[in-house]
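Residues per chain are reported as follows:
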Amino acid sequence: METKNFFLSLLNENRPDAVAVLHGNAEHPDINGIVQFYSLPESGILIAAEITGLPENESDSPAFFAFHIHENGDCSGSFENTGSHYNPDNVPHPEHAGDLPPLLSNDGYVWMIFYNGYLTIPMLLNRSLIIHRDSDDFTTQPSGNAGEKIACGVIRETKAFIQS
């Protein structure tokens, strides 16, 4: 089976192995989203995200937001307990395992799917998925000058998500 057809069939089955439900902080209560994580048979994962309610740019143009996996799955308060970027190899930013592609928002809406050949579902479970207010500059240490954490969701195994 061709890889592209395999990815499509995986999405059509709609059976992710893990899910994060995102919600905005007190200043951004309209942010909502779901991110689904699919294991691949050889290696890596497929990540599908749909997010609404992101703040718009003053210039009315599409906006970029940093998107990272953080160490701790604690989205309480203003998300201050999420810890640093997930970085098991102790490498500089933007080479952290938790550094994901930026979100491109159009009118506050994002829909994207991407492949990550390094991550696995067990690596991600019970960690937090964070959207930052600013774009990632891919240079500044330790987190790309990404700004405030405006949305958070805990990555949970799908079975646990359905049971809760």
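Residues numbered from 1 in each chain as written. Predicted model: local features only at pLDDT ≥ 70, side-chain atom pairs only at ≥ 80, totals over all residues. Heavy atoms only, no water.

(A) Molecular detail of the nonpolar core. Judged by nonpolar contacts, the single largest core of 31 residues is most densely connected at Val 35, Phe 37, Ile 51, Phe 67, Leu 119, Leu 129 and Ile 131. Sort the elements by how many residues they give to this core and strand S3 (residues 45–52) lands first, with four residues. Excluding residues that lie within four positions of it along the chain, Val 35 makes contacts with Ala 18, Val 19, Ala 20, Leu 22, Ile 47, Ala 48, Ala 49, Phe 67 and Leu 129. (Core = buried A, V, L, I, M, F, W, Y, C linked by side-chain atoms within 4.5 Å. Buried < 20%, exposed > 50% of the residue type's maximum accessible area, 1.4 Å probe, protein only. Helix = DSSP H or I, 4+ residues; strand = E, 2+ residues; numbered from the N terminus. Contact = heavy atoms within 4.5 Å.)

(B) Spatial organisation of the pairing of strand S8 (residues 128–132). Most of S8 is tucked away: five of the five residues are buried. Pairing between strand S5 (residues 67–70) and S8: four bridges, direction antiparallel. Note that in S8 the partner of Ile 69 across the bridge is Leu 129. The pairing of S8 with strand S9 (residues 149–157) spans five bridges and is antiparallel. Pairing of Ser 128 across the sheet is with Val 154, part of S9. (Pairing = 2+ DSSP bridges.)

(C) Summary view of a nonpolar patch on the surface. A contiguous nonpolar surface patch, about 310 Å² in accessible area, is contributed by Tyr 109, Trp 111 and Ile 113. Along the chain, the position of Tyr 109 falls in the loop between strand S6 (103–105) and strand S7 (110–116). Under the relative-accessibility criterion, Tyr 109 is labelled partly exposed at 34%. (Patch = residues over 30% accessible without salt bridge, like charges linked within 9 Å, V, L, I, M, F, W, Y side chains within 5 Å. Areas by Shrake-Rupley, 256 points an atom, 1.4 Å probe, with all protein chains shown as cover. Salt bridge = Lys/Arg side-chain N within 4 Å of Asp/Glu carboxyl O.)

(D) Inspection of the state of the cysteines at higher detail. Scanning all chains against the criterion turns up one disulfide. Disulfide partner of Cys 75: Cys 152, at an S-S distance of 1.9 Å. Negative torsions about the S-S bond denote left-handed disulfides, and the value of about -65° found for Cys 75 with Cys 152 makes this one left-handed. Note that Cys 75 is positioned in the loop between S5 and S6 and Cys 152 in strand S9, a separation of 77 residues in sequence. Overall, Cys 75 belongs to the buried group, its relative accessible area being 15%. (Disulfide = S-S within 2.5 Å.)

(E) A look at the sheet that holds S8. Strand order in the open sheet formed by seven strands is S5-S8-S9-S1-S2-S3-S7, with antiparallel pairing between adjacent strands. Both outer strands of the open sheet, S5 and S7, are each paired with one neighbouring strand and no more. Shown here is a sheet whose adjacent strand axes are inclined to one another by a mean of 20°, direction ignored. Bridge count for strand S1 (residues 18–24) against strand S2 (residues 32–39) is six bridges, and the pairing is antiparallel. (Axes fitted to C-alpha atoms, helices over the stretch in contact; angles between N-to-C directions.)

(F) Focus on the confidence of the model for the protein. Across the protein, pLDDT averages 90, with 93% of residues at or above 70. Of all helices and strands in the protein, the one with the weakest mean pLDDT is helix H3 (residues 158–163) (66), whereas S1 scores best (98). (pLDDT = per-residue confidence, 0-100.)

(G) Looking closely at the environment of His 28. Structurally, the position occupied by His 28 is in the loop between S1 and S2. With a relative accessible area of 14%, His 28 lands in the buried category. In the structure, His 28 is positioned 26 residues away from Leu 54 in sequence and 7.7 Å away in space, judged by C-alpha atoms. Leaving out residues up to four positions away in the same chain, His 28 has contacts with Pro 55, Arg 133, Glu 148 and Ile 150.

(H) Structural detail: the pairing of S3. Summarising burial for S3: six of the eight residues are buried, a large majority. Bridging between S2 and S3 involves eight bridges; their strand directions are antiparallel. Within S3, the residue paired with Gln 36 across the bridge is Ala 48. With antiparallel pairing between neighbouring strands as the criterion, S2 and S3 make up a hairpin whose turn holds five residues, including Gly 44 at a positive phi of roughly 80°. With seven bridges joining them, S3 and S7 adopt antiparallel strand pairing. Paired with Leu 46 across the strands is Tyr 115, a residue of S7.

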